[in-house]
Structures are given as C-alpha cells and as structure tokens.
Amino acid sequence: MIIKKGVPASLGIAIGKAYVLKEESIIIEPVQIPEEKLKQEIKRFRDALENTKQELETIKAKVLNVLGKQHAKLIDAHSLILQDPLITKEVPKMILVERVNAEYALSAILDKTADEFEKIEDDFFHERKHDLFDVGKKILSNLVSREKVSLENIKEPVIVVAHNLYPSDTLHIRESHKVMGFCMDLGSKSSHTAIFAQSIGIPAVVGLSDISRQIQSGEAIIVDGEQGLIILSPTQEIIEKYITKKEEILKQERFFQRFKGLPATTRDGHRISLMVNVDSMDNIEELVSLKSDGIGLLRTEFLYMNRNGVPSEEEQIKAYSVFIKAMPQSPITIRTADIGGDRAVQLGIKSLKDEINPFMGFRGIRLFLKHPELLKTQIRAIFKSNAAENVKIMIPMLSSLEEIQSVKNVMETVKQELAEECLEIKTIPQIGVMVEVPAAALILDSLLNEIDFVSIGTNDLVQYILAVDRINQYVSELYDPYHPAVLRIINLIIQTSHKKGKPVSVCGEMASDPWAIPILIGLGVDALSVPVKMCLRAKHSVRSMSFEKFSIISQNLLGVSTSVEVRKIVEEELKQQ
C-alpha cells in the first residue's frame, strides 16, 4: 500500500479500479529535406494545422453543449495557440533554414519554449505550457497520422489516472458516466480540471507529480478529495474504512441541504453574513438556490482569460448584469480584475515582460492604475450595470492611501463622464479594499476614512506574512493560516476597522475551513464569503458554534506561541460541541 499527498481539487471519495491514461509517445527524428521539397514540407505542416483547427472546432461544439461556456473557452485558448507565431512562423522558418522535417521543427520549437517557461515561477505560465504541449501533440498526431488516445471506450466504472487531462478528456468523462473520480500528476486548485471536477461533483486530487507512472490499469486505488490523498493498492481494512467514510460524507451532504435558506446564526444567536465567492458565469441556478446572503467576491478575471484582447465595456456590462438580475435583492461585491503583468502581455497591454516574481509584482490595482483606461472601463461597466443598486466595488492588492484615492478619482471622473452622456448615477457603489498585503493591514487606520468596508484575502495575506509561495514545493508546507502572526494581524484588521464602524469580511480559504470559522467569528468578523460548494458546510459550522465561548477562546489564541497549539485548542473545543 502506498499513500501519496497531492492537492485536493474536488471533495468526495472514490474507490475502484485505476484506468491509466497513457501519454502518447511519438518519437521524432530529424530528417533532412531536399531544397526542392521544402515548400511541400511547409504545406504538409500547414495542412496539419488546419486539421487540428477543425478537430478543435468539433470538440468546442460538443464541450459548449455538454460542459458550458467556461470549458468551451479553454478550447478557444487552444485555438489561439494555433495562431501563435511560435507555431505559425517559427516552425516554417526552421523548416526552411535548417531543411528539416516538420515534426522535428515543431518538437524543437516546443522544447525551447518549455525551457523558457520553466524559468518563470507563475502558475498561469505553467498551465499555458501544458496547453501549448497539448496543442503540439495534436499537430504531431496529424503529421504522423497517429490515432489519438481517449477516454471514449471506457466500459466499466473506473478512476482515471493521468499525467494531465485536457478539455477533450473531461468531455469524455462527462459523457461516459463511468468515471468515479480522477487524479493526475499536474494541476492546481485553479486549473481547468479542478474547476471541471467541482462543477460535476466528482472527487479529484491533482499535483501528484508522478502518480501516472506508479500504477497500472486495473489496480485498486482510492481518491480522497477531502484530504488530497491517493492510496494505491489499499488493504481490505483501508477499503472498508473508506467505504464507511464515503457513506458518512453522503449523509453529511444530505444533512447540509437542510440549511438552505436558514440564517448563518450561532447557537447563542449571533448573526453573520454568509456569502459566496464566484469566478465564472456557470451554475447560476445553483448559486441562486443556495439562498446565500449575497456575493462577497465576484472575481472578474474570467473576463480576461483565454483571449488576446481586453474585454469591452459592453461585454463586462452583460456579464455583471447576469449576476445582478439573478440576485437583485442581495449585495454583490465586484472585485476589479487582479491580473498581473504576465497576463497583461497576453492581452496586448504594454507592461513588464520579464518579472522574476509576478505574485509580488505588477498586478491588481498597481496594473490598473498604470493603465487607467482598464480601470475606467471596468468602473463604467459596473456603474452602468448597477440597476438594482446592490453592487459594491472591491480593490485588490492595495498597499497605500494614494492608491485608493486614485481609484476614487477615477470613479468621480466616470460619474461626470456618464452625466455628460445623459446617464446620471444616483448612487455611487460602496468601495472597499482587499487587505492581502501586510502594509495595508498596518496602515488600515489611514485607509478607513476613504472606504466603506474591508475584506481580508487570507490566501495572499498568509503567503506574504510568512514569505511562503504556496506553489513552491520546497516551502509550501510552511504555508500555515494558524500561525500566531497570521491570527494577530487578522485581529488587528478587525479591531482597527470596527473602531471606525467599518464591517469586515473574510473571503479566502480560511473562510470555509471548519476549524478557522469559529476563530474568525470569535475575533469579530462580520461576514464570510466562501466557494459555492462550501457554503452549506460553512453554514453548519457557524450554526454549531457558540459565539460567546469563541469570543473568549479566540482572544486567548492571540497569546499562543505555535500553530500546533492553536489547532489543538480549537480541535478540543469543537469536539465538545
């Protein structure tokens, strides 16, 4: 029996036989092409590009019909790669200059690009590298007339094990109804495979490094999406343990359904707002059915993804209006896009091209203030779509008073411009900031006169406080939301905000952590904003705790020296509930 730890991408447990999706192995050898046949070789390459394009269009039509717009956009990203100069210009150029076959030229260009991507420590570029290679494989398969490996022929319930899964693979997973769960070497919580698994509700663990090489098809495997574990060749005792655990989870999910529409109130009557985080236009019906207290974080980055230009004002208005019409009586907090200089380059925005660490660089409001036309377009779209007057605006990655003042100046300019266009804005949306940079926490008292609310982005805040990059395999285990320094800064933010009567919400992963929820509420947080799939679980945690008791416990935790002790105190208290 072997146990491997990965990234929990989708909750749940799957027990069954492995179906290993082998990577296609195409051996490429350089072949010298006579000068008189070079044009014919380039035509052969372009014919392969055209065949690949047709395949992608066929896949997109099916994905759009079966999986929806979000996943169809991933096919668009692959189609854009087919237009990339790396493919359309560099490959034919190498064929001509070095007089080599198309397969070898394409393979050489892809390998060179992979080496460049490896130098960039950014999750976005790592995902793009995998997309580039997937498209490259499709072109190679067409060049050598190789039949593609797929999941279409699965005949019995299995757990898919793969190096990586692509949109076409996920389409077959949805269509087959035979896949109980999956795990793979690559991937992160934000990868398209993780989003897909969550949307259809099957357990998944990603980021396992070499799982596809450690197991054979037909071997027994357990996917524990709750803890991010994969168990290879489990003993009968472990299997029985997980069967029981799976039944308990199913009972829990049915139990959680009872909380729809009920208030997020503690046992002793303390009420908080429980809202949801949204990062796409998918599953609006599920969002509405939860009857949450609103959208605490509408991430607008999805509008900027998988495209080579920025979204227009009209496109943004259409997107925001979908949420506003769906929840006209609830507050909707729209965060201005938190894109970095790396993605800005892909969108055709002139900015820094070679940042060593984009996570601590040119991103969020820094980018938007450097290119104010981006901010102005987004503010105009928000103002125009705010028909129900229930929208709030939130600013990410803020670290100074001057930045929030600059944003408010842009808002005032937009208001005046719209008035000149005979569109009077009667109600200016409330404005708040994401406190995710320690500097913002420490100067919060000077920011509060300029804003209406505060939201704590714990994912980045923890990362910056502890100087830990969560996607760096060498230090990721040091990422610790229970670290005493983290709790003390969160307490500082809450106390500083409340002194000036400003509400505080938490919208990072801590907001849906059943151990962290009572600590946050005990410290005085007014609202939690959690992923849609975690909303009812979080509500159960709130309704199970005593506010009066955790108000005392949370304050006592501020004097504790280690995160181990913090966890122990909270765990012992929750066991007594």
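Residues numbered from 1 in each chain as written. Predicted model: local features only at pLDDT ≥ 70, side-chain atom pairs only at ≥ 80, totals over all residues. Heavy atoms only, no water.

Colleague: Account for the packing of helix α8 (residues 236–256) against helix α20 (residues 535–544), naming residues and giving values.
Modeller: In a packed pair of helices, the relevant descriptors are the angle between the two axes and the axis-to-axis distance. Taken N-terminus to C-terminus, the directions of α8 and α20 make an angle of 80°; their axes are 9 Å apart at the nearest point. Put simply, α8 runs roughly perpendicular to α20. Counted together, Ile249, Glu253, Phe255 and Phe256 of α8 and Leu536, Arg537 and His540 of α20 form the full contact between these two elements. A class-by-class count of the residues in the contact of α8 with α20 yields four nonpolar, one polar and two charged. (Axes fitted to C-alpha atoms, helices over the stretch in contact; angles between N-to-C directions. Helix = DSSP H or I, 4+ residues; strand = E, 2+ residues; numbered from the N terminus. Parallel < 35°, antiparallel > 145°, perpendicular 65-115°, else oblique. Contact = heavy atoms within 4.5 Å. Nonpolar A, V, L, I, M, F, W, Y, C, P; charged D, E, K, R; others polar.)

Colleague: With reference to specific residues and values, describe the sheet that holds strand β7 (residues 220–224).
Modeller: Each strand in a sheet pairs with its neighbour through backbone hydrogen bonds, running either in the same direction (parallel) or in the opposite one (antiparallel). Pairing is mixed in the open sheet, where eight strands are placed in the order β1-β8-β7-β3-β4-β5-β6-β2. Among the strands making up the open sheet, the edge pair consists of β1 (2–5) and β2 (7–10). Direction aside, neighbouring strands of the sheet carry axes that sit 30° apart on average. Both strand β3 (residues 13–21) and β7 contribute to a ladder of five bridges, which runs antiparallel. Paired with Gly16 across the bridge in β7 is Ile221. Against the sheet, α8 makes contact with β3, β7 and β8 (229–232), and its axis sits at roughly 115° relative to β3, the strand it touches most. (Pairing = 2+ DSSP bridges.)

Colleague: I'd like a description of the packing of helix α18 (residues 484–499) against helix α19 (residues 516–523), backed by residues and values.
Modeller: Where α18 meets α19, the axes come as close as 10 Å, and the angle between the chain directions of the two elements is 40°. Crossing angle aside, the handedness with which α18 passes α19 is right-handed. Contact with α18, carried on its side by Leu487, Ile490, Asn491, Ile494 and Gln495, involves Ile519, Leu520 and Leu523 of α19 and no other residues of that element. Its residues placed into classes, the contact of α18 with α19 shows six nonpolar, two polar and no charged. (Left-handed = near helix turned anticlockwise from the far one by under 90°.)

Colleague: Let's hear about helix α17 (residues 458–466): which residues, and what values?
Modeller: Within α17, eight of the nine residues are buried, which leaves the element mostly enclosed by the surrounding structure. Along α17, the positions that sit buried rather than exposed are Thr458, Asn459, Asp460, Leu461, Val462, Gln463, Tyr464 and Leu466. Summarising the contacts, the buried residues of α17 are in contact with β13 (430–435), α15 (438–442), β14 (453–456), α18 and β15 (504–506). Directly after α17, the chain includes Ala467, whose backbone phi takes a positive value near 55°. (Buried < 20%, exposed > 50% of the residue type's maximum accessible area, 1.4 Å probe, protein only.)

Colleague: Tell me what's going on with the packing of aromatic side chains, and back it up with residues and numbers.
Modeller: Throughout the structure, instances matching the rule amount to three aromatic pairs. A centroid spacing of 6.1 Å and a plane angle of 55° characterise the contact between Phe255 and Phe256, whose relative ring orientation is tilted. Taking relative accessible area as the criterion, Phe255 reaches 30% and is therefore assigned partly exposed. Between Phe255 and Phe259, the aromatic rings sit 5.2 Å apart at their centres with planes inclined by 90°, giving edge-to-face as the arrangement. (Phe/Tyr/Trp six-rings, centres within 6.5 Å; stacked < 30°, edge-to-face > 60°.)

Colleague: Could you give me a rundown of the pattern of salt bridges, with the residues and numbers involved?
Modeller: Counted by the stated rule, this structure contains 20 salt bridges. Of the charged contacts, one joins Glu286 and Lys533 as a salt bridge, the two residues approaching to 3.3 Å between their closest N and O atoms. One end of the pair, Glu286, is in helix α9 (residues 284–289); the other, Lys533, is in the loop between β16 (527–531) and α20, with 247 residues separating them in the sequence. Classification of Glu286 by relative accessible area gives partly exposed; the value is 26%. The salt bridge involving Glu313 is made with Arg380; its shortest N-O contact spans 2.8 Å. Here the residue Glu313 occupies a position in helix α10 (residues 313–326), and Arg380 occupies one in helix α13 (residues 372–385), the gap between them amounting to 67 residues. The class for Glu313 is buried, based on a relative accessible area of 13%. Exposure remark for Arg380: the relative accessible area of 11% places this residue in the buried category. Taken together, the shared-partner salt bridges connect Glu313, Lys376, Arg380, Lys384, Glu417 and Glu421 into one network. (Salt bridge = Lys/Arg side-chain N within 4 Å of Asp/Glu carboxyl O.)

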